[in-house]
Amino acid sequence: MRQSEMKVTLPYNVEMIWNTITNNLDSSWRSDLSHIEIIDETHFIEHTKEGFSTEFEITDKIFCQFYAFTMSNKNFQGKWSGKLIKVNENETKMIFLEQITFKNKIMELISYLGMNLKKIQEQYFKDLENALAKQQEI
C-alpha cells in the first residue's frame, strides 16, 4: 500500500473551502481533470486530461468538517479522507490522507516512477488555493 498525508493551512473560510472541494459539478479549477461525471448522489467518476478514469464513492460527509470516499480504477483501489479544522473565521487547516493499494505488484513498482502521491497532493492544494483566491476577488 502507498500512502500520503498532507497538512496545509490556508487563509480562507472553512465553508468556502468546503463548498469548493465538495462541488463535483465544477471541476474547472482542477488542472489535472478534464471533467467529473456525476453518477448519483454518492458516486462520481473523475476523468483526467490524460484519459484515465477513476470511480469514487462518497463514504462520509460531515459539513465543513470531514469528507471521505473510496476510489477504484483498473490499476488501483484506495481511500481518501479530508479533515477541515476551522482555525478562525478566515483560516482553515486541512489534513488530507490518501491510501492506495495496487491491483498488481508490477503496477505498484511502476507507480513509484510515475505516480508521486505527494506531488499530486501538492498540485491539488495549489489548484485549490488559486480557485479560492479567484472566488475571493469576486
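A quick note: this is a predicted structure, and the numbers were derived from the prediction, not measured.

S.K.: Could you give an account of the overall build of the protein chain, naming the residues involved and the relevant values?
M.R.: A count of helical and extended segments in the protein chain gives three helices and seven strands. Secondary structure elements of the protein chain occur, N-terminal to C-terminal, as β-α-β-β-β-β-β-β-α-α. Taking 138 residues into account, the globule formula puts the C-alpha radius of gyration at 14 Å, and the protein chain, at 15 Å, falls close to it. The principal-axis extents of the C-alpha atoms in the protein chain amount to approximately 45 × 30 × 25 Å. Across the 138 residues of the protein chain, 43% fall into the buried class. Restricting to contacts in the protein chain with at least 6 residues of sequence separation, those with at least 24 account for 50%.

S.K.: I'd like a rundown of the pattern of salt bridges, residues and numbers included.
M.R.: Across all of its chains, the model carries four salt bridges by this definition. Salt bridges linked by common partners bring R30, D32 and E46 together as one network.

S.K.: Could you give me a rundown of the packing of helix 1 (residues 14-21) against helix 3 (residues 117-137), with the residues and numbers involved?
M.R.: In contact at an axis separation of 11 Å, helix 1 and helix 3 are set at 115° when each is read in the N-to-C sense. Crossing angle aside, the handedness with which helix 1 passes helix 3 is right-handed. Judged by residue contacts, M16, I17, T20 and I21 of helix 1 engage Y124, L128, A131, L132, Q135 and Q136 from helix 3. Here the residues of the contact of helix 1 with helix 3 sort into seven nonpolar, three polar and no charged.

S.K.: Go over the side chain of E108 with me, naming the residues and quoting the values.
M.R.: With respect to the helices and strands, the residue E108 is situated in helix 2 (residues 105-114). Apart from residues no more than four positions distant in its own chain, E108 is found in contact with M1, R2 and F102.

S.K.: Give me the lowdown on the packing of aromatic side chains, citing residues and values where you can.
M.R.: Counted according to the given criterion, the structure contains 14 aromatic pairs. Ring geometry for Y67 against F69: centres 5.6 Å apart, planes inclined by 80°, an arrangement best described as edge-to-face. With respect to burial, Y67 and F69 carry one shared label: buried. Ring pairing ties together the aromatic residues W18, W29, F44, F56, F63, Y67, F69, W80, F96, Y124 and F125, which thus form one cluster.

S.K.: Mind laying out the sheet that holds strand 1 (residues 2-10), listing which residues take part and the relevant values?
M.R.: Ordered in space as 1-7-6-5-4-3-2, the seven strands form an open sheet in which the pairing is antiparallel. Two strands in the sheet have a free side with no partner beyond their single neighbour: strand 1 and strand 2 (33-38). Within the sheet, the average angular offset between the axes of one strand and its neighbour, ignoring direction, is 20°. Here strand 6 (residues 76-88) runs beside strand 7 (residues 91-102); their pairing, made up of 12 bridges, is antiparallel. Across the sheet, K79 pairs through a bridge with Q99, a residue of strand 7. Lying on the sheet, helix 1 is in contact with strand 1, strand 4 (53-62), strand 5 (66-72), strand 6 and strand 7; it crosses strand 6 at an angle near 160°. Its contacts with the sheet place helix 3 against strand 1 and strand 7, and it is angled at close to 25° to strand 1.

Rules of the game
- Residues numbered from 1 in each chain as written.
- Predicted model: local features only at pLDDT ≥ 70, side-chain atom pairs only at ≥ 80, totals over all residues.
- Heavy atoms only, no water.
- Helix = DSSP H or I, 4+ residues; strand = E, 2+ residues; numbered from the N terminus.
- Rg over C-alpha atoms; globule rule 2.2 N^0.38 Å.
- Buried < 20%, exposed > 50% of the residue type's maximum accessible area, 1.4 Å probe, protein only.
- Contact = heavy atoms within 4.5 Å.
- Salt bridge = Lys/Arg side-chain N within 4 Å of Asp/Glu carboxyl O.
- Axes fitted to C-alpha atoms, helices over the stretch in contact; angles between N-to-C directions.
- Left-handed = near helix turned anticlockwise from the far one by under 90°.
- Nonpolar A, V, L, I, M, F, W, Y, C, P; charged D, E, K, R; others polar.
- Phe/Tyr/Trp six-rings, centres within 6.5 Å; stacked < 30°, edge-to-face > 60°.
- Pairing = 2+ DSSP bridges.

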